[in-house]
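Spelled out, the chains give:
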Amino acid sequence: MKKPNYGVKKSDQKKPASGQRVSNFQPRERRREEYAKVNGGVFVYSKPISVAELSKAINVPTPAIIKYLFLRGKAVTINQVLDDETIGELCLEFGYDFKKEKIVDEEHFEELEVQDDEADLKERPAVVTIMGHVDHGKTTLIDAIRSSHIVDTEAGGISQEIGAYQKEVHGKKITFIDTPGHAAFTAMRARGASVTDIVVLVVAADDGVMPQTIEAIDHAKAAGVPIIVAINKMDKPGVHPERVKEELMQHDVIAEDYGGDVMTVEISAKKGMGIDDLLDMILLKAEMLELKANPKRYAIGAVLESELSKGEGPKATLLVQNGTLTAGDYVVVGETYGKIRRMTNEYRQVLKAAGPGTPVSVIGLSAVPSAGDKFMAFPEERQAKEIAEKRQLSKQAKERSGSSAMTLADLNNLVNAGKVKDVNVVVKADSDGTAEALKHNLEKMSTDSIKVRVLLASAGAISDNDVLLASASHAIIFGFNVRPDARVRQKAEENHVEIRLHKIIYELLDDMEAAMKGMVKAEVVESVTGQAEIRHIYKIGKVGTIGGSYVTSGLIKNGAKIRLLRDGVVIYDGKLGSLKRFKDDAKEVKEGYECGLTIEGYNDIKEGDIVEAYEMVEKTEGGAA
C-alpha cells in the first residue's frame, strides 16, 4: 500500500468518487507520521503547559487532543493546564518521546545537571578521603603514600587542616583528601558538596573499631560513598585483623572474604607495608565507578579549605570536579567572586590550568568562602559579580525564611499530600542497648510510602557532629534520656535541625508513628530556660548538698523543673529545692552570674554536672504559646 502524502495542500487532494464513504480514521502509525517532529521526535518542556500550548508545540490540532482525552474519560478545555502524566501520554499517542527539564538559572549553578557530550568525557582521578579514629594512622598513611613527611610538620602529629594531595600510580592519578575528621567531611555535604568518590577507613589492628570509627562509617554510608578498609599497624606483635573484620560486621561493613562487597587490605603505614595493595584497590574501585569528566568546559567544583592570609588575602583550596580551571578565570565561590590571580598545587608550583579531579590553592577572591561551598568559572567579571550578589541576597532570604531541614511537621505534610519520602533519623540514647532497640523499632515503622532510615544510633550526649550529620542528611534527631548543651542547641537552630527529646520509649515511637499517620497536632513541649554548671560542692547538715554554680546560659528560676546532666546524660529529673545569691534567696539568676542551689530530694551532685531548668509550654502552629 502506498504511503499517503500528508504534506499536499487540501485543494490538491483528489475528491472521493460519488457515493464513496469517507473515513477520518487513520492507523496510529500514519497519524504519527502526519505531525512534524519536535527536536528529533522529543518534546522537551520545563514548566506547566496548557492544551493550546501543547497543541502548538507538537503541531497537533487542539480538537484532536481534546477528543483523545474525552474518549478516555478526561474532559478538558483549551486553556486547561495538563499534568506531567497526561503530557507524556499525549506525546506517546501522537508520535513523540518527551522529557521534562529542570531549568536552573546561573545563580543556582550548583543545581545544574551537567550534560556533556560523550565524546568530550575523559577519565578523571578518583577523589579519596581518609577517615578513621584519632591516632589510627590517617596522616601517617598519606605520608607513606606520598613518601613525604607531612606528619612531622603538624602539632602533636595530629592533622590541623584539610590537605589535598595527588599521587600517580601506574600512570593514573589519585587525589587524596586528609581531613581532621568526619565532621569536616559532613560539613561539606551539609553545603551540598559531595566531593568524595571513595572513603578509605583506617582501623588500627591493635585498637579495633572505636567510637569515631563507627561515626566515620555512619557518615560515609549517609553520603552513599563506597568504603575501602585499611587495617593499619599490622607491624605490631599479636594483632588480629580478623577481629577487626568481625567488629566491622556489626556495623554492616562486611569484608569480601566474609561474603560482602567491602575491600579490605592489611597495612603498616609506619613501615610502608601493603601501601601498593591499597593503591591498586583504589584504582580498581575507581575503574568500577567509571569516573569521567569533561575538561573542555568552564570549571565547577568545591572548596576544601579557606583562610585569610596576611600577605595574600583570601585564599582557598579548590577541588576541580568538572571542566578546567585556568589562571585568569573569573569565578563565583559560594557568595563571593574573584579572578584567579595565582593557582598552585600542593608543592606550591604555579599552575596555568587544572583539570578535573585536581586540587589547587588559589588567591584573588573578594572574600573568604566556606569549606564545602561550590564554585563555577565564568567568562566575564561583570557576570560573576552579579551572580555572587544574587547568591548573597538569596542566602540572606533563605536564612530569614527558616528551615529547609526535615521536621515531624514536614513529615505530617508529606503524608497528607500522599508523597513518598525517606525519613532520616539520628538516635542518641543513654546506653547502646537502648539506642539499638530504638533503631530497630523505628526502622520497623517503615511503610510502602515512607521509609525510616536510622543513620546513626549510639550512646552519648547529642553533639555538634550529630547536628552536622542531621543537617547534611535532612534528618531529625531523637534524644532518649540525653540532652544537648546550650552550644549544641544553638548550632541546631542555626542549621534548622529539629531535636526531639524523650524519656519514655513508647512516647518517642508514638511521636514518630503519629507523624507517619499524618496526625501531628499542636502539642505541649518543654522549653529550656537555662543551664548552670556545678563548680563546687558544699555539704551542710540538715540542708543537704549545695551546688556552687555558674549560670552558663539563659536563667535559672527558683522552684523550676530541672534535670541533672552528667556528660550529657540525664541522671535525675526533679525540681529545684532552693536558689540563693550569696546568703539571700533569689527568684532567678541570669547568665553570667554565680549562685548556690539545691535539688529537691536529691543530693548526689558532683562538680561538672549541669543543671538544666525547663518549663512546659503549648506549641501551636504559629510557635510556642
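The structure presented is a predicted model; accordingly, all values stated were derived computationally and were not measured.

Overview of the overall build of the chain
Then comes step 1: For the chain, the helix and strand inventory stands at 15 helices and 33 strands.
Then comes step 2: Within the chain, the proportion of its 625 residues that are buried is 46%.
Then comes step 3: Here the analysis covers contacts within the chain between residues at least 6 apart in sequence; of these, 70% occur between residues at least 24 apart.
Then comes step 4: Just so you have it, the chain exposes about 32900 Å², and 48% of that area is on carbon and sulfur atoms.

Considerations on the nonpolar core
Then comes step 1: Grouped together as the largest cluster of nonpolar side chains are 27 residues, with contacts concentrated most on Val128, Leu141, Phe176, Val200 and Ile282.
Then comes step 2: Elements represented by at least two residues in this core include exactly strand 6 (126–132), helix 5 (138–146), strand 7 (163–169), strand 8 (172–178), strand 9 (198–204), strand 10 (227–232), strand 11 (263–266) and helix 9 (275–289).
Then comes step 3: In terms of residue count, the dominant contributor to this core is helix 9 (seven residues).
Then comes step 4: Aside from chain neighbours lying at most four places away, what touches valine 128 is Ile174, Thr175, Phe176, Ile177, Ile198, Val200 and Ile282.

A few points about helix 9
Then comes step 1: Over its 15 residues, helix 9 extends 21 Å from the first C-alpha to the last, a length consistent with the 21 Å expected when each residue adds 1.5 Å.
Then comes step 2: Turning to helix 9, its buried residues number three or more, namely Ile275, Leu278, Leu279, Met281, Ile282, Leu283, Lys285 and Ala286.
Then comes step 3: Where helix 9 terminates, the next one or two residues include glutamate 290, which has phi positive at roughly 50 degrees.

So, the sheet that holds strand 17 (residues 336–344)
Then comes step 1: Pairing in this closed barrel of six strands is antiparallel, and the strands run 13-14-19-17-16-20 around the ring. Each adjacent strand pair in this sheet contributes to an overall mean axis angle of 45 degrees, direction not counted.
Then comes step 2: Two strands pair when backbone bridges link them, and strand 16 (residues 330–333) and strand 20 (residues 374–378) are joined in this way by four bridges, in the antiparallel orientation. Bridge pairing links tyrosine 330 to phenylalanine 378 in strand 20.

Some points on the pairing of strand 11
Then comes step 1: The pairing of strand 10 with strand 11 spans four bridges and is classified as parallel. Residue pairing in the sheet places valine 229 in a bridge with threonine 264 of strand 11.
Then comes step 2: The handedness of the strand 10 to strand 11 crossover, carried by helix 8 (residues 241–249), is right-handed.

A short note on the packing of helix 7 (residues 211–223) against helix 13 (residues 464–473)
Then comes step 1: The N-to-C vectors of helix 7 and helix 13 enclose an angle of 10 degrees; their axes lie 11 Å apart at closest approach. The angle between helix 7 and helix 13 falls in the class roughly parallel. When helix 7 is examined against helix 13, the residues Glu215, His219 and Ala222 are found in contact with a partner set consisting of Asn465, Leu469 and Ser473.
Then comes step 2: Of the residues belonging to the contact of helix 7 with helix 13, the class tally is two nonpolar, three polar and one charged.

A look at the pattern of salt bridges
Then comes step 1: As enumerated under the stated definition, the model contains 25 salt bridges in all.
Then comes step 2: A salt bridge links arginine 500 to glutamate 498, with the nearest nitrogen and oxygen atoms 2.8 Å apart.
Then comes step 3: Taking relative accessible area as the criterion, glutamate 498 reaches 14% and is therefore assigned buried.
Then comes step 4: In this structure, the salt-bridge partner of arginine 563 is aspartate 573, at a minimum N-O distance of 3.3 Å. Taken as a pair, arginine 563 in strand 27 (residues 561–566) and aspartate 573 in strand 28 (residues 569–581) lie far apart in primary sequence, ten residues in all.
Then comes step 5: In this structure arginine 563 comes out as buried when scored by relative accessible area, which is 5%.
Then comes step 6: Overall, aspartate 573 belongs to the partly exposed group, its relative accessible area being 26%.
Then comes step 7: Among the charged side chains, a network of salt bridges with common partners joins Arg483, Arg489, Lys503, Arg563, Asp573 and Glu612.

Thoughts on the environment of glycine 355
Then comes step 1: With respect to the helices and strands, the residue glycine 355 is situated in the loop between strand 18 (353–354) and strand 19 (359–365).
Then comes step 2: Accessibility expressed as a relative area gives 22% for glycine 355, which makes it partly exposed.
Then comes step 3: Excluding anything up to four places from it in sequence, glycine 355 contacts Val320, Gly323 and Thr324.

Some points on a nonpolar patch on the surface
Then comes step 1: Side chains of Tyr538, Ile540 and Val543 sit close together on the surface and give an oily, nonpolar patch of about 290 Å² of accessible area.
Then comes step 2: Mapping isoleucine 540 onto the fold places it in strand 25 (residues 523–540).

Let's talk about the packing of helix 13 against helix 14 (residues 486–494)
Then comes step 1: Running from amino to carboxyl end, helix 13 crosses helix 14 at an angle of 15 degrees, the nearest separation of the two axes being 9 Å. With respect to helix 14, the element helix 13 is oriented roughly parallel. Like other packed secondary-structure pairs, helix 13 and helix 14 cross with a definite hand, here right-handed. Only Arg487, Val488, Lys491 and Ala492 of helix 14 make contact with helix 13, whose side of the interface consists of Asp464, Val467 and Leu468.

What to know about the confidence of the model for the chain
Then comes step 1: Looking at the chain as a whole, the pLDDT averages 81, with 80% of positions reaching at least 70.
Then comes step 2: For residues 153–162, every residue scores under 50 in pLDDT, and the model assigns this stretch 19 contacts once sequence neighbours within four places are set aside.
Then comes step 3: Low confidence marks residues 620–625, where pLDDT is under 50. Its contacts with residues over four positions away, or in another chain, come to seven contacts.

A closer look at the pairing of strand 26 (residues 544–557)
Then comes step 1: Pairing between strand 26 and strand 31 (residues 594–599): four bridges, direction antiparallel. Bridging across to strand 31, glycine 547 finds its partner in leucine 597.
Then comes step 2: Here strand 26 pairs with strand 30 (residues 588–590) via three bridges, running antiparallel. When the bridges of strand 30 are listed, isoleucine 556 appears paired with valine 589.

Topic: the packing of aromatic side chains
Then comes step 1: Considering all chains together, one arrives at two aromatic pairs under this definition.
Then comes step 2: With a centroid separation of 6.1 Å and 65 degrees between ring planes, the pair formed by tyrosine 68 and phenylalanine 94 is classed as edge-to-face. Placement of the pair is tyrosine 68 in helix 3 (residues 62–71) and phenylalanine 94 in the loop between helix 4 (84–93) and strand 4 (97–100), with a sequence separation of 26 residues. Accessibility assignment for this pair places tyrosine 68 and phenylalanine 94 in one class, buried.
Then comes step 3: Taking the centre distance of 4.4 Å and the plane angle of 20 degrees together, the rings of tyrosine 572 and tyrosine 602 count as stacked. In this pair, tyrosine 572 is assigned in strand 28 and tyrosine 602 in the loop between strand 31 and strand 32 (610–620), connecting sequence segments 30 residues apart.
Then comes step 4: The residue whose ring lies beneath arginine 563 is tyrosine 614, and the NZ or CZ to ring-centre distance is 4.0 Å.

Cut-offs applied
The residue numbering used here restarts from 1 in each chain and proceeds along that chain's sequence as written. Where local features are concerned, this predicted model is filtered to residues with pLDDT of at least 70; where side-chain atom pairs are given and counted, the filter is 80 or more; whole-chain, interface and lining totals use all residues. Only hydrogens and water are set aside when side-chain values are computed; all heavy atoms of the structure are taken into account. Here a helix means four or more residues in a row that DSSP labels H or I, a strand means two or more in a row labelled E, and each is numbered from the N terminus. Burial classes follow relative accessibility: with a 1.4 Å probe on protein chains only, a residue under 20% of its type's maximum area counts as buried, one over 50% as exposed, and anything between as partly exposed. Residue contacts are defined here by distance: any two heavy atoms, one from each residue, within 4.5 Å place the two residues in contact. Only the protein chains shown count as cover for residues, and the accessible areas themselves come from Shrake-Rupley with a 1.4 Å probe. Throughout this description, the term nonpolar core refers to a set of buried Ala, Val, Leu, Ile, Met, Phe, Trp, Tyr and Cys residues connected via side-chain atoms within 4.5 Å. In a helix, the anticipated span is given by 1.5 Å times the number of residues less one. For two strands to be treated as a pair, DSSP must find at least two bridges joining them. Here an axis means a line fitted to C-alpha atoms, over the contact stretch when the element is a helix, while the angle between two N-to-C directions is reported on a 0 to 180 degree scale. A clockwise course of the path from the first strand over the helix to the second, judged with the strands pointing away from the viewer, identifies a crossover as right-handed. What sets the label is the angle itself: under 35 degrees gives roughly parallel, over 145 gives roughly antiparallel, 65 to 115 gives roughly perpendicular, and the rest give oblique. Any residue that is not Ala, Val, Leu, Ile, Met, Phe, Trp, Tyr, Cys, Pro, Asp, Glu, Lys or Arg is counted as polar, Gly included; the first ten are nonpolar and the last four charged. Just to be clear on terms, a salt bridge is a Lys or Arg side-chain nitrogen sitting within 4 Å of an Asp or Glu carboxyl oxygen. Only residues whose relative accessible area exceeds 30% and that take part in no salt bridge are eligible for patches, with like-charged residues grouped when within 9 Å of each other and nonpolar side chains (Val, Leu, Ile, Met, Phe, Trp, Tyr) grouped when within 5 Å. Left-handed describes a crossing in which the near helix is turned anticlockwise from the far one by less than a right angle; the clockwise case is right-handed. The predictor's confidence in any single residue is recorded as pLDDT, a number from 0 to 100. Note on aromatic pairs: the rings of Phe, Tyr and Trp (six-membered ring only in Trp) are paired at centre separations within 6.5 Å, and the planes decide the class, stacked below 30 degrees, edge-to-face beyond 60, tilted for the rest. The criterion is that NZ of a Lys, or CZ of an Arg, lies within 6 Å of the ring centre and within 35 degrees of the ring normal, and then a charge sits over that ring.

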